[in-house]
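What follows is the residue order along each chain.
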Amino acid sequence: MAMLGNAALAMWWDMAPAMRQDFEDWHAHEHFPERLGIPGFRRASRWSCAEGGEAVFVLYELEDFSVLSSPGYAARLNAPTPWSTRMMPHHRHMVRSQCRVLGSEGAVTARQALTVRLSPEPGQEAVLRDALGNLGRELRQRRGLVGLHLIRHEAPPLAPTEEQRMRGLADRFADWVLIACGYDAQAVRALAQAELCADALQALGAQEGAVHQRFALAYSATPGDVR
């Protein structure tokens, strides 16, 4: 399995341009080291909107699903630093999915990523999962691409946290998440218009309403990078 563990935390939000520099400094020099110091956090990556908009995508790869309700993680979520307290209200339109890894083919960190937030049609979960697994094995070898990863949201046994309260307890979540990674922007863009477009996903067993976004890698780190 290419992802570093069998669980993940995937998040999307908008960050206003006026806050962008402060956010990036905080995220790289305080927040990533803090999160990667929690047992079970194995890699963190932050991505910026490929079209230059306000969107941010962050992916944490986790050793296992229990990390999402662990004492170490809960302690950080309920004791934000002063810098975190200043930044949290600026995380607008937060979508936060706490996930199990359903399938992972190829590499995770590359120059470009396409995220697709989707849900299976009732009764089509296994069909869709198998179809996307087969697609991932083909795409990881395609020119310009390096991997395809499927994760599924599942709420862990953890009460609402102080960080969530600072965001107004308004976080949403994505049900299933596809992450396609590549080194060529055109190859990644083409996926959203072909194999991973809305019509193609529905033919594989997905519901209408999939949300597609493209991102460029801004920063990635593992625990050893920030010690």
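Before any of the text, the structure's been laid out above.
Residues numbered from 1 in each chain as written. Predicted model: local features only at pLDDT ≥ 70, side-chain atom pairs only at ≥ 80, totals over all residues. Heavy atoms only, no water.

Here the focus is helix 6 (residues 185-193). Buried within helix 6 we find Ala187, Val188 and Leu191. Around the axis of helix 6, the buried residues are gathered within 100° of arc, so they sit on the same side. (Buried < 20%, exposed > 50% of the residue type's maximum accessible area, 1.4 Å probe, protein only. Helix = DSSP H or I, 4+ residues; strand = E, 2+ residues; numbered from the N terminus. Arc of directions from axis to C-beta.)

Here we come to the packing of aromatic side chains. One pass over the structure, following the stated rule, counts 9 aromatic pairs. Relative to Phe57, the ring of Trp47 has its centre 6.5 Å away and its plane inclined at 40°; by these criteria the two rings are tilted. Here Trp47 is found in strand 2 (residues 41-49), whereas its partner Phe57 is found in strand 3 (residues 55-62), with 10 residues between them in sequence. Across the pair, Phe57 and Trp47 agree in class, each one buried. (Phe/Tyr/Trp six-rings, centres within 6.5 Å; stacked < 30°, edge-to-face > 60°.)

Our next topic: the side chain of Arg35. By the element assignment, Arg35 lies in helix 1 (residues 20-36). Separated by 2.6 Å, the side chains of Arg35 and Glu34 make a polar contact. Ignoring sequence-local partners within four residues, the contact set of Arg35 consists of Phe41, Tyr60, Tyr73, Arg76, Leu77 and Glu163. (Polar contact = N/O pair within 3.5 Å; in protein donor to acceptor, adjacent residues only side chain to side chain. Contact = heavy atoms within 4.5 Å.)

Pairing within the closed barrel is antiparallel, and its 8 strands lie in the order 1-3-2-8-5-7-6-4. Direction aside, the axes of adjacent strands within the sheet are offset by 30° on average. Relative to strand 7 (residues 176-182), strand 5 (residues 112-118) runs antiparallel, the two being bridged by 7 bridges. Opposite Gln112, over in strand 7, you have Gly182 as the bridge partner. Contacts from helix 1 reach strand 1 (7-14), strand 2, strand 3 and strand 8 (211-221), with the element oriented near 165° to strand 2. Along the sheet, helix 4 (residues 125-139) contacts strand 4 (92-106), strand 5, strand 6 (145-153) and strand 7; its crossing angle with strand 6, the most-contacted strand, is approximately 160°. (Pairing = 2+ DSSP bridges. Axes fitted to C-alpha atoms, helices over the stretch in contact; angles between N-to-C directions.)

Here the focus is the nonpolar core. Formed by 26 residues in total, the largest nonpolar core has its most connected members in Trp13, Phe41 and Tyr60. Of all the elements in the fold, those that place two or more residues in this core are strand 1, helix 1, strand 2, strand 3 and helix 2 (71-77). Residue contacts for Trp13: discarding those within four places in its chain leaves Phe23, His27, Glu54, Ala55, Val56, Val58, His91, Arg92, His93 and Met94. Within the second largest apolar cluster, 21 residues are counted, among which are Val95, Cys99, Val108 and Val177. (Core = buried A, V, L, I, M, F, W, Y, C linked by side-chain atoms within 4.5 Å.)

The next subject is the pairing of strand 7. Residues in a regular strand project their side chains so that they alternate between the two faces of the sheet. Of all 7 residues that make up strand 7, 7 are buried, and the element is covered over most of its length. Burial of the side chains of strand 7 extends over both faces: Trp176, Leu178, Ala180 and Gly182 are buried on one face and Val177, Ile179 and Cys181 on the other. Relative to strand 7, strand 6 runs antiparallel, the two being bridged by 7 bridges. Considered in strand 7, the bridge of Leu145 is made with Gly182.

The next subject is the side chain of Glu30. Along the polypeptide, Glu30 turns up in helix 1. An unpaired buried charge is present at Glu30: no salt bridge exists, and Arg76, the closest side chain of opposite charge, is 6.8 Å distant. Polar contacts involving the side chain of Glu30 include one to the side chain of Ser84, which spans 3.4 Å. Not counting the four nearest positions on each side in its chain, Glu30 is found in contact with Asp25, Thr81, Trp83 and Ser84. (Lys, Arg positive; Asp, Glu negative; His and termini not counted. Salt bridge = Lys/Arg side-chain N within 4 Å of Asp/Glu carboxyl O.)

Our next topic: the environment of Asp22. Mapped onto the elements of the fold, Asp22 is located in helix 1. Between the C-alpha atoms of Asp22 and Arg86, which are 64 residues apart in sequence, the distance is 10.0 Å. Aside from chain neighbours lying at most four places away, what touches Asp22 is Trp83, Arg86 and Met87.

Below, the discussion takes up the pattern of salt bridges. In total, this model carries 15 salt bridges according to the counting rule given. Across the pair Arg100 and Glu154 runs a salt bridge whose closest N-O atoms are separated by 2.8 Å. Of this pair, Arg100 sits in strand 4 while Glu154 sits in the loop between strand 6 and helix 5 (162-166), and the two are 54 residues apart along the sequence. Taking the relative accessible area as the measure of exposure, Glu154 reaches 29% and is therefore partly exposed. Here Arg137 and Glu105 are joined by a salt bridge, their closest N and O atoms 3.4 Å apart. Highlighted residues: Arg137 in helix 4 and Glu105 in strand 4, separated in sequence by 32 residues. The buried category is assigned to Glu105, whose relative accessible area is 17%. A cluster of three or more residues bridged by salt bridges with shared partners is formed by Glu34, Arg35, Arg76 and Glu163.

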